[in-house]
Amino acid sequence: MDDNQTLPLILAGPILRRVTADSVTVWLATSRRLDVTLRIYDLAGEQVGSSVMPDSMTQQRDTWVGSLQSHANLGTQLHITLIEARPDRTGDPFPQDVLLRYNLFDAQENPLPEIADVCLDGEPLPGFYIPQHLQMFAYGSCRKPHGPSFDDQEKTQHQDSLALLAGHLSDNVQNLANRPSHLFLVGDQIYADEVPEIVMDSLKKIAVTLVGHDIPLPCGAILSNIDSTQRTALKAECGLTSNCPDMHLMGFGEFAAMYLLVMGNRIGFSLPEKTVTSSAVDSLRDFLASQAQVRKTLANIPTYMMFDDHDVTDDWNINRSWYNQVHSSVSGSRIVSNALAAFWAFQSWGNEPAQFNQEFIDTLQNHLIVPENLEYAKHYDFTLRKFHQWSFVLPTTPPIFVLDCRTQRDFGSFNSPPKLLDHYALDSLHETWFKLPAEQKQDTVTPIFITGTPVFGFSVIEGVQQLAYRVGFLLGIANGKLAPSRLDIESWIANRQGFSMFLNAILYRMGYKKATFIAGDVHYSFANHATYTSQIAPDDVQTLECLQLTSSALRNTPEAGRALETFLANDITKVRRGHSKPETLAWWYRLFFWRFLKKDIWKLEVVGIPGKAAQPRPTIEPKTWWEPLAAKTLQKLWHWLEQKDGKSRTDPNTYWITCRPNVGLVYLEQGNVVKQVLLSGDDREGNLTYTVTK
């Protein structure tokens, strides 16, 4: 968007959001209020549902009588609309396991012209399907517009990974067995703390245009007027710990502008012609060129989103010390509030709209429209800081629980790793389980939990992190290079009590015997099988069989990617144990035995699942003196292990860990995951397949 251009009517969307057998929701961002009708059609072109309510229905969610739509006015040129369609035949669900299509019409019943550019190749309208039993879904995380994007052999992937999914959808328009029914974006949909200065310059202008004015921070800073040096100093004053030299989003309008850029870029952001070329600039150009395909992806598959730290700021809520430091600054707290308000508008509202009542929406609108009202501002900050209903569940078969593991933490001491879900969060999870149909609560069901960071991580890397943290703690340098925020010490296993509390809630309170965990966050991809055995009483030993799938990143390859892929394997079973606390044992055991013989109350066994590539790993020239020596040593070790247990470790088609950019496809049969495919490469030539054995 150039300085002399006006905003288009459709700023982002349409994006297909929550879809069930009884409801279809579409999300739109517009530069003025737009009343829209949503109509659903079968393949024959017959209407099977719409957002227009019959006269007999009295439930209305908006002042526009007769329509199932909700509006949020978040700026003079920023309006968010959710349009919900319901089946035409009252009491009957939408058709399942068949392709459905939809269209949007304005108040004069004219189709929105933007529908034309979100149709898959050869299709007249965008489409989707509602599975009776879940058979395939997609997921991904960590999507930085200017992030590195190369595979394990350092071959650049130019396309945004979400654009690869559009190609897969086009290839399987009516082949529903190979078409994902859901897309889960599980964190870091934006990188609020890593915005290049050249991008920030444009976002600041767009932000003022969207909101209508430049809302100052409580410290008085006018964000559109401060330069990069002042913004960096302000970041530090607010207690934010991101050490990235790039700029940090701070105002609500800036967050909103970034979302418009990454959600299809209908605002027409482009780099100035005289921009100095760099790897980051080249990656950003490729990202922008992919956005037309990304618009198709988001319009043709029901999409669900959950935050991770970079959606707000790096290290968000990593420990008590960080929380106290940021929220002791009124401006620091406001930046977090602005991030969460934008997350609600652009990501969360469509996940489960019923979770957000009109009072919540009014609180956000009041502050953004009348920012000079101090009471509105205080209510805005308080509401967003204390809101803990971001988690949601999908009533699929099997059920999918999408968990907020950022705002419901139990911090413990100041710098120690937190429990990622406190007991209130686990109670809420249990309450959600109670509301499921009886057939979804049987112990034969294998539920799916989406958790942000992996519950069962890559053992070697987590072990190194834990060792570095302990060394830093013992040497008294935990506030320096080995600080928890530098090491990202926030894995599930880092707080073993919180880890076991979560798994015990699934095993004992919800009664499941098997579970699948989906995650991203870590910037590498892998798969694990885990067996968790727990004993909460001498005569009550139970086992939870677990599958961990991790897809990361959509677009943010770590610089150490090749070394990780070359030198790390996850093929040896890792055993971890949890010791009882004295207060959990009988008095006689506590008095006479505990100090001499600690009792294991849980045991965890984790082993990796190898990924198979269609093409063998090519031989590449080493970049450092130690790589050939390390590779030769590992080859000897792997050959020796192969002779001992028969597992292949030297197969050139086998990858235990990969840092290639990808989006994950998960296949299910009879409610259980049987395969994961990572789509990677501009022509999807770098795909990896993980076969899950029973």
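Because the structure is a prediction, the values reported are computed rather than measured.

*Asks:* Sorry, what's going on with the overall build of the protein chain here?
*Replies:* On a plain count of helices and strands, the protein chain comes out with 17 helices and 24 strands. The buried share of the protein chain, taken over its 694 residues, is 59%. In the protein chain, the proportion of contacts linking residues at least 24 apart, taken out of those at least 6 apart, comes to 76%. Taken as a whole, the protein chain presents about 28200 Å² of accessible surface, with 53% of it coming from carbon and sulfur.

*Asks:* Would you mind going over the confidence of the model for the protein chain with me for this structure?
*Replies:* In regions of low pLDDT, the predicted coordinates are not meant to be interpreted in detail. For the protein chain, the average pLDDT comes to 87, and 83% of its residues sit at 70 or higher. Note that residues 55-65 has pLDDT below 50 and, in this model, 21 contacts with residues that lie over four places away or in other chains.

*Asks:* Please explain the pairing of strand β7 (residues 99-105) as it appears in this structure.
*Replies:* Taken across its 7 residues, β7 has 7 buried, putting it largely inside the fold. Here β7 shows a buried face lined by Leu99, Arg101, Asn103 and Phe105 and a second buried face lined by Leu100, Tyr102 and Leu104. Pairing geometry for strand β3 (residues 37-41) and β7, over 5 bridges, is antiparallel. For Leu38, the partnering residue across the bridge sits in β7 and is Leu104. Inspection of the sheet shows β7 paired to strand β8 (residues 127-129) by 3 bridges, in the antiparallel sense. Of the residues in β8, the one forming a bridge with Arg101 is Gly127.

*Asks:* How should I be thinking about the sheet that holds strand β24 (residues 688-691) in this particular structure?
*Replies:* Strand pairing in a sheet relies on backbone hydrogen bonds, with the paired strands running either antiparallel or parallel. With mixed pairing, 8 strands are arranged side by side in an open sheet as β11-β10-β9-β22-β23-β24-β20-β21. Sheet topology places β11 (303-305) and β21 (654-655) at the edges, where each strand pairs with a single neighbour. The strands touched by helix α1 (residues 161-171) are β9 (136-140), β10 (183-185), β22 (663-669) and β23 (672-679); relative to β22, the strand with the most contacts, the crossing angle is about 45 degrees.

*Asks:* Would you explain the packing of aromatic side chains in this entry?
*Replies:* For any two aromatic rings, the description comes down to two numbers: the centre-to-centre distance and the angle of the planes. Taken as a whole and judged by the stated rule, the model has 33 aromatic pairs. Ring centres 5.5 Å apart and planes at 25 degrees place the aromatic pair Phe184 and Tyr304 in the stacked group. Of the two residues, Phe184 is situated in strand β10 and Tyr304 in strand β11; the sequence distance between them amounts to 120 residues. For Phe184, a relative accessible area of 2% puts it in the buried group. For Tyr304, a relative accessible area of 1% gives the class buried. Here a set of aromatic residues connected by ring pairs shows up, and it is made of Phe307, Trp316, Phe343, Trp344, Trp349, Phe356, Phe360, Phe387 and Trp390. The residue whose ring lies beneath Arg39 is Phe105, and the NZ or CZ to ring-centre distance is 5.7 Å.

*Asks:* What should I look at first to understand the side chain of Thr654 in this one?
*Replies:* Looking at the element boundaries, Thr654 is found in strand β21. A polar contact of 2.6 Å, which involves the side chain of Thr654, links it to the side chain of Lys612. Those residues in contact with Thr654 that sit more than four places away from it in its chain are Pro610, Gly611, Lys612 and Arg617.

*Asks:* Where do I start with the state of the cysteines in this structure?
*Replies:* A covalent bond bridging the sulfur atoms of two cysteines is what the word disulfide describes. Taken as a whole, this structure holds 0 disulfides when the rule is applied. Cys238 provides the cysteine sulfur closest to Cys219, a residue in no disulfide bond, and the two sulfurs are 5.8 Å apart. Assessed through its relative accessible area of 46%, Cys219 is described here as partly exposed.

*Asks:* What's the story with the packing of helix α11 (residues 423-434) against helix α14 (residues 496-509) in this structure? I'm lost.
*Replies:* Geometrically, a packed helix pair is captured by the angle between its two axes and the distance between the axes. Running from amino to carboxyl end, α11 crosses α14 at an angle of 25 degrees, the nearest separation of the two axes being 11 Å. With respect to their mutual orientation, α11 and α14 come out roughly parallel. Crossing geometry of α11 relative to α14 is assigned as right-handed. Each of His423, Leu426, Asp427, Leu429, His430 and Trp433 in α11 lies in contact with α14, whose residues at this interface are Met501, Phe502, Ala505 and Arg509. Looking at the contact of α11 with α14 residue by residue, the classes come out as 6 nonpolar, 2 polar and 2 charged.

*Asks:* How do you make sense of the pattern of salt bridges when you look at a structure like this?
*Replies:* If charged atoms from side chains of opposite charge come close, those side chains can pair. Counting across every chain of the model gives 19 salt bridges. The salt bridge involving Glu109 is made with Arg39; its shortest N-O contact spans 3.2 Å. Note that Glu109 is positioned in the loop between β7 and β8 and Arg39 in strand β3, a separation of 70 residues in sequence. The residue Lys296 makes a salt bridge to Asp121 at a minimum N-O spacing of 3.4 Å. Of the two residues, Lys296 is situated in helix α6 (residues 291-299) and Asp121 in the loop between β7 and β8; the sequence distance between them amounts to 175 residues. Residue classification places Asp121 among the exposed residues on the basis of a relative accessible area of 51%. If you follow the salt bridges from partner to partner, you end up with Asp308, Asp309, Arg406, Arg409 and Glu490 in one network.

*Asks:* Got a minute to help me understand unusual backbone geometry in this structure?
*Replies:* Backbone geometry follows two general trends: most residues other than glycine have a negative phi, and most peptide bonds adopt the trans configuration. The linkage connecting Thr397 with the following residue, Pro398, adopts the cis geometry, with an omega of 5 degrees. Its place among the elements puts Pro398 in the loop between β12 (392-394) and β13 (400-402). Across the junction of Ser552 and Ala553, the peptide omega takes the value 10 degrees, indicating a cis bond. For Ala553, the location among the structural elements is in the loop between β17 (540-550) and α15 (561-567).

*Asks:* Help me understand empty space enclosed by the protein, please; the structure alone is not making it clear to me.
*Replies:* Where empty space is left can be seen by rolling a probe of water-molecule size over the atoms. Across all of its chains, the model carries 7 cavities of 30 Å³ or more by this definition. Of the voids in this model, the largest cavity is the one considered here, and its volume is about 170 Å³. Lining the largest cavity are 18 residues, and of these Asp214, Ile215, Gly251, Phe252 and Gly253 sit closest to its centre. Listing elements by their share of the lining of the largest cavity, those giving two or more residues are α2 (197-211), α4 (252-262) and α8 (330-348). When residues in the lining of the largest cavity are grouped by element, the largest group, 4 residues, is from α2. A breakdown of the residues in the lining of the largest cavity according to their chemical character gives 8 nonpolar, 6 polar and 4 charged.

*Asks:* What should I look at first to understand the environment of Ile10 in this one?
*Replies:* Relative to the helices and strands, Ile10 resides in strand β1 (residues 10-20). The class for Ile10 is buried, based on a relative accessible area of 2%. Taking the C-alpha atoms as reference points, Ile10 and Thr30, 20 residues apart in sequence, are found 4.6 Å from one another.

*Asks:* Sorry, what's going on with helix α5 (residues 279-289) here?
*Replies:* Each turn of an α-helix holds 3.6 residues, which means side chains three or four residues apart point in the same direction. Among all positions of α5, only Val281, Ser283, Leu284, Phe287 and Leu288 are buried. Seen end-on, α5 carries its buried residues on one side only, within an arc spanning 160 degrees. Among the exposed residues of α5, those pointing more than 90 degrees away from its buried face are Ser279 and Ala289. Summarising the contacts, the buried residues of α5 are in contact with α2, α4 and α6.

*Asks:* Got a minute to help me understand the pairing of β1 in this structure?
*Replies:* The two faces of the sheet receive side chains in turn, since in a regular strand these alternate between them. Burial analysis of β1 places 11 of its 11 residues in the buried class, which makes it a mostly covered element. With 6 bridges connecting them, β1 and strand β2 (residues 23-30) associate as antiparallel partners. Each bridged residue has a counterpart across the sheet, and for Ile15 the counterpart in β2 is Trp27. Following β1, the chain reverses through 2 residues before pairing antiparallel with β2.

Rules used in this analysis
- Residues numbered from 1 in each chain as written.
- Predicted model: local features only at pLDDT ≥ 70, side-chain atom pairs only at ≥ 80, totals over all residues.
- Heavy atoms only, no water.
- Helix = DSSP H or I, 4+ residues; strand = E, 2+ residues; numbered from the N terminus.
- Buried < 20%, exposed > 50% of the residue type's maximum accessible area, 1.4 Å probe, protein only.
- Contact = heavy atoms within 4.5 Å.
- Areas by Shrake-Rupley, 256 points an atom, 1.4 Å probe, with all protein chains shown as cover.
- pLDDT = per-residue confidence, 0-100.
- Pairing = 2+ DSSP bridges.
- Axes fitted to C-alpha atoms, helices over the stretch in contact; angles between N-to-C directions.
- Phe/Tyr/Trp six-rings, centres within 6.5 Å; stacked < 30°, edge-to-face > 60°.
- Lys NZ or Arg CZ within 6 Å of the ring centre and 35° of its normal.
- Polar contact = N/O pair within 3.5 Å; in protein donor to acceptor, adjacent residues only side chain to side chain.
- Disulfide = S-S within 2.5 Å.
- Parallel < 35°, antiparallel > 145°, perpendicular 65-115°, else oblique.
- Left-handed = near helix turned anticlockwise from the far one by under 90°.
- Nonpolar A, V, L, I, M, F, W, Y, C, P; charged D, E, K, R; others polar.
- Salt bridge = Lys/Arg side-chain N within 4 Å of Asp/Glu carboxyl O.
- 1 Å grid on protein atoms, 1.4 Å probe; cavity = no way out; pocket = protein on both sides within 12 Å on 5 of 7 lines; lining within 4 Å.
- Points joined across faces, edges and corners; volume = space filled by probe spheres on them.
- Arc of directions from axis to C-beta.

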